[in-house]
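# Structural characterization, general
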Amino acid sequence: MLRRLPEQKGRKVRFLFEGEQVSALEGDSVAAALMAAGAGTTRTTPKSGAPRAPYCMMGVCFECLVEIDGVPNRQSCLVEVRDGMRVRRQQGAPGLPGEADDDPV
Amino acid sequence: MTRFDLAIIGAGPAGMSAAVTARDAGLSVIVVDEQPAPGGQIWRAIGRNAGARPGNLAILGEDYASGAKLAARFEASGAQFWPSASVWHVDSPDDGDKSLTVAWDGVTRQFTARALLIATGAMERPVPVPGWTLPGVMTVGAAQTLLKSSGLYPEPSLLLAGSGPLLLLFAAQCVAAGIKIAALLETTPPGAYLRGLPHLPKAMLGWRTLLKGHRLKRQLGVSGIPVYRAVTDLAAKGAERLERVRFRSAGMPVELEAAHLLLHEGVVPNPQLTRLLRCEHHWDAAQRCFRPDLSDRGETSVDNVFVAGDGGGIGGAMAAVHSGRIAALEIAERCGAVNRPSGDVEIVKARDALRAELAVRPLLDAMFPPPDWIARLDGDVTVCRCEEVSAAAIRNAAALGAPGPNQAKAFLRAGMGPCQGRMCGLTVTEILADARGESPERIGYYRIRPPIKPVTLGELAALDGSD
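Not measured: the values here are computed from a predicted model. (Residues numbered from 1 in each chain as written. Chains lettered and ligands numbered in written order. Predicted model: local features only at pLDDT ≥ 70, side-chain atom pairs only at ≥ 80, totals over all residues. Heavy atoms only, no water.)

The next subject is the overall build of chain A. Within chain A one finds one helix and eight strands. If you list the helices and strands of chain A from N to C, you get β-β-β-α-β-β-β-β-β. Going through the 105 residues of chain A one by one, you find that 54% of them count as buried. Within chain A, residue pairs in contact and separated by at least 24 positions form 43% of the contacts whose partners lie at least 6 positions apart. When the accessible surface of chain A is totalled, it reaches about 4700 Å², and 46% of it is carbon and sulfur. (Helix = DSSP H or I, 4+ residues; strand = E, 2+ residues; numbered from the N terminus. Buried < 20%, exposed > 50% of the residue type's maximum accessible area, 1.4 Å probe, protein only. Contact = heavy atoms within 4.5 Å. Areas by Shrake-Rupley, 256 points an atom, 1.4 Å probe, with all protein chains shown as cover.)

On to the side chain of Thr145 of chain B. Relative to the elements of secondary structure, Thr145 of chain B occurs in helix α6 (residues 140–150). According to the relative accessible area criterion, Thr145 of chain B is buried, its value standing at 5%. Once residues lying within four places of it in the same chain are set aside, the contact partners of Thr145 of chain B are Met57 of chain A together with Gln41, Arg44 and Ser150 of chain B.

Residue and element names in this part refer to chain B. Counted residue by residue, strand β16 (residues 260–265) has six buried out of six residues, so it is predominantly covered. Covered by surrounding structure in β16 are His260, Leu262 and His264 together with Leu261, Leu263 and Glu265, the residues of both alternating faces. Of the pairings in the sheet, the one linking strand β8 (residues 137–139) to β16 comprises three bridges and is parallel in character. Paired with Val137 across the strands is Leu261, a residue of β16. Looking at chain direction, strand β10 (residues 158–163) and β16 are connected through six bridges and run parallel. Note on β16: the bridge partner recorded for Ala161 is Leu263. (Pairing = 2+ DSSP bridges.)

We now examine the pattern of salt bridges. Taken as a whole and judged by the stated rule, the model has 30 salt bridges over all chains. We note a salt bridge from Arg11 of chain A to Glu26 of chain A, for which the minimum N-O separation is 3.7 Å. Taken together, the positions of Arg11 of chain A in the loop between β1 (2–4) and β2 (12–17) and Glu26 of chain A in the loop between β3 (20–25) and α1 (30–36) put the pair 15 residues apart, joining distant regions of the chain. A relative accessible area of 43% means that Arg11 of chain A is categorised as partly exposed. Among the salt bridges present, the one from Arg334 of chain B reaches Glu299 of chain B, with a minimum N-O distance of 2.7 Å. Note that Arg334 of chain B is positioned in helix α12 (residues 317–334) and Glu299 of chain B in the loop between β19 (289–292) and β20 (305–307), a separation of 35 residues in sequence. By relative accessible area, which is 31% here, Arg334 of chain B ends up partly exposed. What you see here is one network of salt bridges that share partners, running through Asp296, Arg297, Glu299, Glu330 and Arg334 of chain B. (Salt bridge = Lys/Arg side-chain N within 4 Å of Asp/Glu carboxyl O.)

Below, the discussion takes up the environment of Val254 of chain B. All names here are of chain B. Note that Val254 resides in strand β15 (residues 252–257). Looking at Val254, the relative accessible area reads 18%, which means it is buried. For the pair Val254 and Leu116, spaced 138 residues apart in the sequence, the C-alpha separation amounts to 50 Å. Setting aside its immediate chain neighbours within four residues, Val254 contacts Tyr228, Val245, Arg246, Phe247 and Ser249.

Hydrogen bonding along the main chain pairs the strands of a sheet, whether they run parallel or antiparallel. All names here are of chain B. Judged by pairing direction, the sheet is antiparallel, and its three strands sit side by side in the order β13-β14-β15 without closing on themselves. Of all the strands in the sheet, the pair left with one neighbour each is β13 (231–237) and β15. Each adjacent strand pair in this sheet contributes to an overall mean axis angle of 15°, direction not counted. As paired elements, strand β14 (residues 244–249) and β15 share six bridges and run antiparallel to each other. Bridged to Phe247 within β15 is Val254. (Axes fitted to C-alpha atoms, helices over the stretch in contact; angles between N-to-C directions.)

See below:
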């Protein structure tokens, strides 16, 4: 679980993670917002299905891959969270864009 | 296709310094970076913290706050800047301009430049201990990024494990912020000061860095954080996420409950772009990593391809600023933009400043030697996180005759996942060198191919060469 220091000014941003509404601060990366929301596992591996979560937060480890607005394989540590984003865990090998069911909004 | 005098990849200390210098000399400059704002990893989110969140500057310290000045000069420099952009290919024909292929704003764009400066900096050395893939385990640098960018910190039961200046700096930042560290697990082999002593006279040129290090140690000493010394055999345990950490401290077994474990064993150059361009590299035994061969102006073995900053070998932020300036002055001279005598004087000044910055490095390398146990890894510990390849499998590939990383990759898929070997490359080289009884230099590294970042079909389809 991540906690936030006091006095972090910024506009509140609301997005969906696995269909549930979650809030973050403008300027947070999606990866940071997910960890702050207590997401725990953010993807499972294609080979064994093992749970993974962001590891490097600087774009080199690719552990933070998630599906954002229907597009799989997004490096969530490099994407800033935006209002209304739909984020899902990436389970195993990613499907083609549009293959996954849309979140019920 | 738009043509620039200079294309810079990376807007950290080296890239920003080079951009400012090159613009002063009148060159046309484009800078691309993966992050949404300039600053690199060291000065990440410096704009936001200096603006809306000044309280964070006191926590992150004056070295961090000092980045605001260069970031402001960079933004006023007139260099074209593409943030949140992924460079996925660079082509460097023998006779002519470099061409860059970049995904930016949902569209793939191409442009050319007479000279290329790679300022992509360092990454943390991967620390392949058992359980390092569990959620709850990440790098010290990752936690520091969360703190800089979002004011976020891990809680509860936070353990820090490893060795090196960044680990101590982050611990001190936690203390300043009132973030509770349950324990510090130092893997630094005992006798750091004794090992450093012979290097002290030369390092005195970098006395400011030494003084800062001394202050850090003192701050941590009075902080009351429990410290386990001479830590070995570190392992993270848990089912779906981290639950416990086991290790030995001076030989004695210890087990602690933990929700968060941060690892750090120093930083190494990010090799992806210099490898993609087939630049010559050599093995740096003191820092246990490859670094590109560079001239005294920062040029690689490929004409008009330069490297500045930690990507050329670890020197820290201020060294990066100086090496960025040196490369930019040399490039400006080649473009005919600088008068010979004054340009040379500036280069000599910057080289003196760089030498003073680097004076402290041999001492740091001796005090915080890079881990030697990685070369000896065996068993089921995961080496390649993407394809889940174990150390034993790498050794097995060596026994089957794989002479280097590229054959091991073909046998095992190690290095073929999304990270393209960034997380396993050094480890695979070290294990193969150990198994075959050869030097890492001889064993070599993965052959890196484009695209070096994932590209969506949409971005490919929207190729825009006119921009």
